[in-house]
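Commentary on secondary and tertiary structure
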Amino acid sequence: MRGRIEGKSIVLPELDPILGRILRADHVLWIACGTAYHACVYGQMVLNSLVPINSTAIPASEFRYGNYYVDKNTLCIFVSQSGETADTLAAIKRAKSSGAATIAVANVLGSSLTRIADATVYTCAGLEIAVASTKAYTAQLTLIYLLAQKLAEIMGYSTREHDEIITYLNELDRLTQETIDIAKPVIREYASMLKNEHDVYFIGRQLDYVSAMEGALKLKEISYIHADAYYAGELKHGPIALIQDQTVVIAFATQPEVASKTISNIKETVARGAKIILITDQNTPAEGFTYVIRIPEIRPDLACIISAVIFQFLAYYAASDRGCDIDKPRNLAKSVTVE
Ligand code: M6R
């Protein structure tokens, strides 16, 4: 965020060359792969809460071959740590050839994606060496949040909550550190429950579903434990059949508007014998749950950033307990430059 907030203003001068095109955008597509795609889903949801125009996240590998409507009034935002992912590069070329305005959210300076995009905003997360995206992801979420606020402002939709947003953004590093200091020993202990698991399920609603998807990806890619993410409300439409005695379910309930609904879904899994690790806010009642991590008081739309730190450590310790090579998981490359 350094240099992106001045006083009470979010400053993204990188967007200046395409201000006119942002103004005329009548829909927004967020396009990326893997973890960066999950950050796109976050972008989709945050922007949808700010402006009354459609915002949709699409995996780049689907976009490049799919029938998605794109024209000169489409704003396409491409997110990539490396800026070299083959599917994402093919997707931006396709979007540009259809006349869309393009923004790259990238980490690597001067990477291919940034050279193709009409405008680039850098995540500035520093060099990320381990294959698993960690600080790149939290930096993507943070920058995408700023970007969504800025796009809304440019499009003429101001929010009454602006001052509170700036206050919490300025507190984000302290709250993240506080989470690490308080929660790390607990996460260490809870991760040991995963050591011999074959299957773990992550659930959440709304923005918590973003955490569920990325938590499951992080766990599977570095610990090789099979992990799936489900919308909590979708459980009863099929996935609950997988829940047996002692199945581990990692549940996120940080969004006050739907937390009680998620808690009801969790109870349905408990009734089938599930063991729950619950990540929730300060206020959601959690009686009866043994393994609970409460995130510090924060705006619900920023909670994903704090939740990420928790599930990244959970995956890290689970992988470490299983003797996995955390920095270089099998079958994966840091940058996927082939289709
Ligand atoms: O460099 P990119 O952000 O474009 O990479 C996209 C994905 O390949 C990447 O996020 C991948 O999913 C990570 N290994 C996840 O930790």
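Here's a quick rundown of the structure. (Residues numbered from 1 in each chain as written. Predicted model: local features only at pLDDT ≥ 70, side-chain atom pairs only at ≥ 80, totals over all residues. Heavy atoms only, no water.)

Observations concerning the packing of helix 6 (residues 135-154) against helix 10 (residues 303-321)
Between two packed helices, both the angle of their axes relative to each other and the distance between the axes serve to describe the pair. Packing of helix 6 against helix 10 leaves a shortest axis separation of 10 Å and a crossing angle of 175°. Of the possible angle classes, the one that applies to helix 6 and helix 10 is roughly antiparallel. Contacts between helix 6 and helix 10 involve Tyr137, Thr138, Leu141 and Thr142 from the former and Cys304, Ile305, Ala308, Phe311 and Gln312 from the latter. (Axes fitted to C-alpha atoms, helices over the stretch in contact; angles between N-to-C directions. Helix = DSSP H or I, 4+ residues; strand = E, 2+ residues; numbered from the N terminus. Parallel < 35°, antiparallel > 145°, perpendicular 65-115°, else oblique. Contact = heavy atoms within 4.5 Å.)

Points about the pairing of strand 4 (residues 54-59)
In this sheet, strand 4 lies alongside strand 3 (residues 27-32) in parallel orientation, the contact comprising 6 bridges. Bridging from a neighbouring strand, Trp30 pairs with Ala57 of strand 4. Between strand 3 and its parallel partner strand 4, the chain crosses via helix 2 (residues 34-50), and the hand of that crossover is right-handed. (Pairing = 2+ DSSP bridges. Right-handed = clockwise from strand over helix to strand, strands pointing away.)

Notes on the sheet that holds strand 10 (residues 248-253)
On the basis of which strands lie adjacent, the open sheet formed by 5 strands has the order 9-8-10-11-12 and parallel pairing. Here the strands that pair on one side only, and so sit at the sheet edges, are strand 9 (226-231) and strand 12 (291-294). The sheet shows a mean angle of 15° between the axes of neighbouring strands, taken without regard to direction. The strands touched by helix 9 (residues 256-270) are strand 8 (199-204), strand 10 and strand 11 (275-280); relative to strand 10, the strand with the most contacts, the crossing angle is about 170°. Where helix 10 meets the sheet, its contacts fall on strand 10, strand 11 and strand 12, and the angle it forms with strand 10 comes to roughly 165°.

Examining unusual backbone geometry
At Gln246, a residue that is not glycine, the phi angle is positive and equals roughly 75°. With respect to the helices, strands and loops of the structure, Gln246 is situated in the loop between strand 9 and strand 10.

Considering the sheet that holds strand 5 (residues 74-80)
Strand order in the open sheet formed by 5 strands is 4-3-5-6-7, with parallel pairing between adjacent strands. Each having just a single partner strand, strand 4 and strand 7 (119-122) make up the two edges of the open sheet. The mean inter-strand angle of the sheet, taken between neighbouring strand axes irrespective of direction, is 20°. Pairing between strand 6 (residues 101-106) and strand 7: 4 bridges, direction parallel. Bridged to Val105 within strand 7 is Val121.

Regarding the side chain of Ser111
Along the chain, the position of Ser111 falls in the loop between strand 6 and helix 5 (112-116). Side-chain polar atoms of Ser111 contact the backbone oxygen of Val108, separated by 2.8 Å. Those residues in contact with Ser111 that sit more than four places away from it in its chain are Ser82, Gly83, Glu84 and Ala106. (Polar contact = N/O pair within 3.5 Å; in protein donor to acceptor, adjacent residues only side chain to side chain.)

Focus: the packing of helix 2 against helix 8 (residues 207-223)
Running from N to C, helix 2 and helix 8 cross one another at 175°; their axes reach a closest spacing of 9 Å. With respect to each other, helix 2 and helix 8 are oriented roughly antiparallel. Of the residues in helix 8, those in contact with Gly34, Thr35, His38, Val41, Tyr42, Met45 and Val46 of helix 2 are Leu207, Val210, Met213, Glu214, Leu217 and Lys218. Looking at side-chain class alone, the contact of helix 2 with helix 8 contains 8 nonpolar, 3 polar and 2 charged residues. (Nonpolar A, V, L, I, M, F, W, Y, C, P; charged D, E, K, R; others polar.)

Side note on the pairing of strand 8
With 5 of 6 residues buried, strand 8 lies mostly within the body of the structure. The pairing of strand 8 with strand 9 spans 6 bridges and is parallel. Bridge pairing in strand 9 links Ile203 to Tyr230. (Buried < 20%, exposed > 50% of the residue type's maximum accessible area, 1.4 Å probe, protein only.)

Details of the environment of Ala60
Of note, Ala60 is situated in helix 3 (residues 60-63). You can call Ala60 buried: its relative accessible area is 0%. A sequence separation of 28 residues divides Ala60 from Ala32, and the C-alpha atoms of the two residues are 4.9 Å apart. Those residues in contact with Ala60 that sit more than four places away from it in its chain are Ile31, Ala32, Cys33, Asp87, Thr88 and Ala91.

Here's the deal with the packing of aromatic side chains
Here a ring pair, both rings aromatic, is described through the centre-centre distance and the interplanar angle of the planes. Across all of its chains, the model carries 9 aromatic pairs by this definition. Between Tyr316 and Tyr317 the ring centres are 5.4 Å apart and the planes differ by 75°, which places this aromatic pair in the edge-to-face class. The class of Tyr316 is partly exposed, set by a relative accessible area of 39%. Among the aromatic residues, ring-to-ring pairing joins Tyr137, Phe202, Phe252 and Phe311 into one connected group. Over the ring of Phe63 we find Arg94, and its NZ or CZ is 5.1 Å from the ring centre. Taking NZ or CZ as reference, Arg330 lies 3.7 Å from the ring centre of Tyr224, over its face. (Phe/Tyr/Trp six-rings, centres within 6.5 Å; stacked < 30°, edge-to-face > 60°. Lys NZ or Arg CZ within 6 Å of the ring centre and 35° of its normal.)

Looking at the nonpolar core
A general tendency of soluble globular proteins is for nonpolar side chains to be buried together. Counting 90 residues, the largest nonpolar core has Tyr42, Ile77, Phe202 and Ile250 as its most contacted members. Of all the elements, helix 10 adds the most residues to this core, at 12 residues. Two domains each donate at least three residues to this core, and these are domain 1 (5-159) and domain 2 (171-321). Once residues within four sequence positions are removed from consideration, Phe202 is found in contact with Ala212, Gly215, Ala216, Leu219, Ala227, Asp228, Ala229, Tyr230, Ile250 and Phe252. One finds Tyr201, Tyr230, Ile240 and Ile263 within the second-largest nonpolar core, a separate group that totals 18 residues. (Core = buried A, V, L, I, M, F, W, Y, C linked by side-chain atoms within 4.5 Å. Domains from an automatic or database assignment.)

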